[in-house]
Amino acid sequence: MSETLPKNNIFKVIGASSLGTLIEWYDFYIFGSLAVIIGHQLFPEDAGASALINTLAIFAAGFIVRPFGALVFGRLGDLIGRKYTFLLTLVLMGGSTFLIGLIPSYKSIGYAAPILVLILRLVQGLALGGEYGGAATYVAEHAPENKRGFFTSWIQTTATLGLFLSLGVIVITKNLLGAETFGDWGWRIPFLLSIVLVVVSIYIRMKMHESPLFSKLKAEGNVSKNPLKESFNNKANFKMVLLALFGATMGQGVIWYTGQFYAQSFLENTCKLDFNDSRYILLWGIAFATPFFVIFGAWSDKVGRKWIMLSGMLLGVIFYRPIYQIFLDDTDFSKVEQSDVLSSKPDPVTTVPIANANDSLRTVSTQVLLKNGASFYKVQADTLSATRGLLTGKEIIRDKVLPKPIFWKFVGLIFFQILLVTMVYGPIAAFLVELFPTKIRYTSMSLPYHIGNGVFGGLVPFIATLIASFAGSTPLSGLWYPIGIATLSLIIGTIYLSNKKDERIND
Amino acid sequence: MNTLKKFLGLIWMILGPLAMTFLFLQAIEKVGLTHTDIERTNTILQWAIILFIFLPISIGLMIFGFYAWKGEYDRLPESSGEL
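For every chain, the first residue of the written sequence is number 1, and numbering continues from 1 along that sequence. Working convention: letters from A go to chains and numbers from 1 go to ligands, in the order in which they are written. Per-residue local features are limited, in this predicted model, to residues with pLDDT of at least 70; the limit for side-chain atom pairs, both in listing and counting, is 80 or more; totals at the level of whole chains, interfaces and linings are taken over all residues. Heavy atoms from the whole structure form the basis of all side-chain values; hydrogens and water molecules are not counted.

- Within an unreviewed UniProt entry, the label attached to chain A reads MHS family MFS transporter, and the organism entered is Pedobacter endophyticus.
- The UniProt entry for chain A carries this comment under Subcellular location (unreviewed entry): "Cell membrane". UniProt positions are given in the numbering used here, feature names are shortened, and annotations may be inferred rather than shown by experiment.

Next comes the structure, spelled out in structure tokens:
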């Protein structure tokens, strides 16, 4: 059935599905990017009970709710159809994002503000959990057999492009309004703008037809009566759900989060790179690597999905530690020779009283420019104790700006990591779609995908930080988590998965 | 290959409870390291979420191991029609 679709029609299907998914990722990322500002505006300054709500809003929506969204909307998608379900997830996601932009500040409505944020965040998480499975299933069920990997890989690009779009809108709004106005009320604009994108996407999606495979199933009266029961209570299918999770999506999740998120956090927090430098490095890396989602998706149509995904995991396991060691070595400015220094300019000394004490914190900051174009700040923070005099603190080197050759070397290393992301992530939608039958596909594929990405991937920063807190750990110790999970998934995938593609997914 | 699949099944079955025990011990240790009430409540909450999420996953790994050990993955379905 799907083979007879005109070429321009399949691109409309891809466009409508990808645009909606891109907007959902945009909505999801702007909250993360603006979390600090939102915290100041919508949460009370003293921690108290709001810290709990804050923790839940930021932490829980990312991990707990997405798999539940996958179950709830996956079930709906298998019962009433793909088109209307992922239309609903789009409305919920866009609507809740728009409403976050309208919530009055904590100063105006008190604790109602953080509670409303929490509720809307949970709705966002649920909607995101339902969206991806719908979009991937919808596109795959329209795509010709021999191009399923190619067509679904466009959906895979949206997570990266959503990050791009969110960063772009935030940077432009901030530059237009100025930092102070942006922090005051301008941060609401990226949230409010999302409604325009959502309305456009809803209009496009409303004009689309139901998936041909689901329509056929419905016409024949073969729609599942209880997709959850058939997905997880049917042993043959449940076995495949477990295999998909442990043999593919678990490893894919950690490779994705390490390449795109942990890398940026490492450059910024561990290597102490300048805010702009770390972002530009990531943006260049993403820009060069994004086309490879489609290249690997299309290639998987020819050689199968398994080995491309597992090769991405293997390369991550082998190269993560050397790559991050290079990041550390090349940003180590502690042993700079005096002959390399072009100029050294101290900023005015600042002295800030320490709350609830008679002591003060004295900070001496010196900007150092090197002959090779690099620069950094040497920050010496000392305590002026009322009773014990000057207590010398540790000198920190931060806000490092890299010389051009090193900057581009880092872009190359980030590009390589995102290339691995495209290897594991490009073919995965087609892989999951082909694993399950039409009548329970939406439910069955959504759960392993969201556990793999939301839980195993989403926990990379938390568990990496946890490992780094162990006695005897080094800055590279946190990498053992993605390396360990990817190794486990690589072993399970290699031994238990088949590279055979199911050409017929219309059963 | 089928023997290897079965043997590894035993490893997956052991790995599930081992991972949970490790996480549980970590939770106790990290909660013990907190200084203030609010910090303690937040840490308990975070770890409760982690344990709540990973418990079914580790049970899933055990079930996966059990199926592998029983030879259920010796032959995978050739098409989704077999499911």
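Right, picking up where we left off after that structure.
### What to know about the packing of helix 17 (residues 306-330) of chain A against helix 18 (residues 404-425) of chain A
Residues and elements named next belong to chain A.
- Inter-axis angles, ranging from 0 to 180 degrees, are taken between N-to-C directions of lines fitted to C-alpha atoms, where helices are fitted over the stretch in contact. Numbering goes from the N terminus for both helices and strands, where a helix is a DSSP run of H or I of at least four residues and a strand is a run of E of at least two. Orientation of helix 17 relative to helix 18, taken along the N-to-C sense of each, is 160°, at an axis distance of 8 Å. Considering their axes alone, helix 17 and helix 18 lie roughly antiparallel with respect to each other. As helix 17 packs across helix 18, the resulting crossing turns out to be left-handed.
- Amino acids are sorted into nonpolar (Ala, Val, Leu, Ile, Met, Phe, Trp, Tyr, Cys and Pro), charged (Asp, Glu, Lys and Arg) and polar (every other residue, Gly among them). Grouping the constituent residues of the contact of helix 17 with helix 18 by class yields 18 nonpolar, 4 polar and 2 charged. An angle below 35 degrees is treated as roughly parallel, one above 145 as roughly antiparallel, one from 65 to 115 as roughly perpendicular, and anything else as oblique. Note on convention: near helix rotated counterclockwise from far helix by under a right angle means a left-handed crossing. Clockwise means right-handed.

### Observations regarding the side chain of R82 of chain A
Residues and elements named next belong to chain A.
- Its location among the elements puts R82 in helix 5 (residues 82-100).
- Look at R82 and you get buried, because its relative accessible area is 0%.
- N or O atoms within 3.5 Å of each other form a polar contact, as long as, within protein, one can give a hydrogen and the other can take it, and as long as residues adjacent in sequence are counted only when both atoms are side-chain atoms. Among the polar contacts made by the side chain of R82, one reaches the side chain of D78 at a distance of 2.9 Å.
- Contacts between residues were defined by any pair of non-hydrogen atoms, one from each residue, lying within 4.5 Å. Setting aside chain neighbours within four positions, we find R82 in contact with G77, T137, Y138, E141, E210, S211, F214, T438, R441 and Y442. Type-normalised accessible area, obtained with a 1.4 Å probe on protein chains alone, sets the label of each residue: buried when under 20%, exposed when over 50%, and partly exposed for intermediate values.

### Points about the pattern of salt bridges
Residues and elements named next belong to chain A.
- Between Lys or Arg on one side and Asp or Glu on the other, a salt bridge is scored when a side-chain nitrogen of the former is within 4 Å of a carboxyl oxygen of the latter. Applying the stated criterion to the full structure yields 14 salt bridges over all chains.
- Residue R362 pairs with D382 through a salt bridge whose shortest N-O separation is 3.4 Å. With R362 in strand 3 (residues 360-370) and D382 in strand 4 (residues 375-385), the pair connects residues that are 20 residues apart, well separated along the chain.
- Judged by relative accessible area, R362 falls into the partly exposed class, the value being 26%.

### Things to note about helix 2 (residues 37-69) of chain B
All names here are of chain B.
- Helix length check: helix 2, at 33 residues, gives a terminal C-alpha distance of 46 Å against a target of 48 Å (1.5 Å per residue), a fit within 8%.
- Note that the bend at a residue is defined as the angle between axes fitted to the seven residues ending at it and the seven residues starting at it. The sharpest bend along helix 2 reaches about 25° and sits at F54, with the proline P56 one to four residues further on.
- In the segment just after helix 2, G71 is the residue with positive phi, at about 85°. Expected helix span is taken as 1.5 Å per residue step, with the number of steps being one fewer than the number of residues.

### Side note on the UniProt feature "transmembrane region" (unreviewed entry) in chain B
Residues and elements named next belong to chain B.
- In this numbering, the UniProt entry assigns the feature "transmembrane region" (unreviewed entry) to residues 7-28 and 48-69.
- Secondary structure within residues 7-28 divides into 100% helix and 0% strand; the distance between the first and last C-alpha atoms comes to 33 Å.
- As annotated, residues 48-69 comprises 100% helix and 0% strand, and the C-alpha atoms at either end are separated by 31 Å.

### A look at the domain arrangement of chain A
Residue and element names in this part refer to chain A.
- Domain start and stop points were drawn from an automatic or database domain assignment. Looking at the assigned domains, one finds that chain A contains domain 1 (10-331 + 404-496) and domain 2 (338-401).
- The gap between the C-alpha centroids of domain 1 and domain 2 is 39 Å.
- Each partner contributes to the interface: domain 1 provides 6 residues, whereas domain 2 provides 5 residues.
- Note: buried area is the sum, over both parts, of the accessible area (probe 1.4 Å) each one loses when the two are combined. Taking both sides of the interface into account, the surface hidden between domain 1 and domain 2 amounts to around 480 Å²; carbon and sulfur atoms contribute 48%.
- Taken as a group, K272, D274 and D277 account for 68% of the area that domain 1 buries against domain 2, more than any other trio of residues on that side.
- Scanning the region where domain 1 abuts domain 2 turns up 0 salt bridges.
- Of the residues contributing to the side of domain 1 that touches domain 2, the split by class is 2 nonpolar, 1 polar and 3 charged.

### A look at helix 15 (residues 275-289) of chain A
Residues and elements named next belong to chain A.
- Compared with an ideal rise of 1.5 Å per residue, which puts 15 residues at 21 Å, helix 15 spans 22 Å between its outermost C-alpha atoms and is within 8% of the ideal.
- Residues of helix 15 that are buried make contact with helix 9 (158-177), helix 14 (235-270), helix 16 (291-303), strand 6 (395-401) and helix 18.
- Where helix 15 starts, the residue carrying a side-chain oxygen 3.2 Å from the main-chain nitrogen of N276 turns out to be D274.

### Some thoughts on the nonpolar core
- In these notes, a set of buried Ala, Val, Leu, Ile, Met, Phe, Trp, Tyr and Cys residues joined through side-chain atoms within 4.5 Å is what counts as a nonpolar core. By size, the foremost hydrophobic cluster in this structure holds 133 residues, and its most contacted members are Y324, F327, Y425, F456 and Y496 of chain A together with F64 of chain B.
- Two domains share this core, each providing at least three of its residues, namely domain 1 (10-331 + 404-496) and domain 2 (338-401) of chain A.
- For F327 of chain A, the contacting residues outside a window of four places in its chain are F266, L267, C271, F410, L413, I414 and Q417 of chain A.
- The next biggest cluster of nonpolar side chains, apart from the first, holds 18 residues, and it includes L34, L120, I170 and W187 of chain A.

### Brief notes about the packing of aromatic side chains
Residue and element names in this part refer to chain A.
- Between 30 and 60 degrees the pair is tilted, below 30 it is stacked and above 60 it is edge-to-face, where a pair is any two Phe, Tyr or Trp rings, Trp via its six-membered ring, whose centres lie within 6.5 Å. Overall, the coordinates contain 33 aromatic pairs over all chains when judged by the stated rule.
- Taking 4.9 Å as the distance between ring centres and 35° as the angle between the ring planes, the aromatic pair formed by Y257 and F261 counts as tilted. Here F261 and Y257 lie together in helix 14, a separation of 4 residues that amounts to about one turn.
- Looking at F261, the relative accessible area reads 21%, which means it is partly exposed.
- Measuring from ring centre to ring centre gives 4.9 Å for F266 and Y324, while their planes differ by 85°; the resulting arrangement is edge-to-face. Here F266 is found in helix 14, whereas its partner Y324 is found in helix 17, with 58 residues between them in sequence.
- Residue classification places F266 among the buried residues on the basis of a relative accessible area of 1%.
- Cluster of aromatic residues (ring-pair linked, three or more members): W256, Y257, F261, F293, Y425 and Y449.
- Lying over the aromatic face of F333, K400 brings its terminal NZ or CZ to 5.9 Å of the ring centre. Only lysine NZ and arginine CZ atoms are considered, and such an atom sits over a ring when it is within 6 Å of the ring centre and within 35 degrees of the ring normal.

### A word on the environment of A244 of chain A
All names here are of chain A.
- Position of A244 relative to the elements: it lies in helix 14.
- Classification of A244 by relative accessible area gives buried; the value is 0%.
- Between the C-alpha atom of A244 and that of S444, which follows or precedes it by 200 residues, the distance is 9.7 Å.
- Ignoring sequence-local partners within four residues, the contact set of A244 consists of T249, L432, L435 and P448.

### Some remarks on the confidence of the model for chain B
- Averaged over every residue, the pLDDT of chain B is 87; the share at 70 or more is 93%.
- Complex prediction metrics read pTM 0.85 and ipTM 0.91. Think of pLDDT as the predictor's per-residue confidence, scored from 0 to 100.

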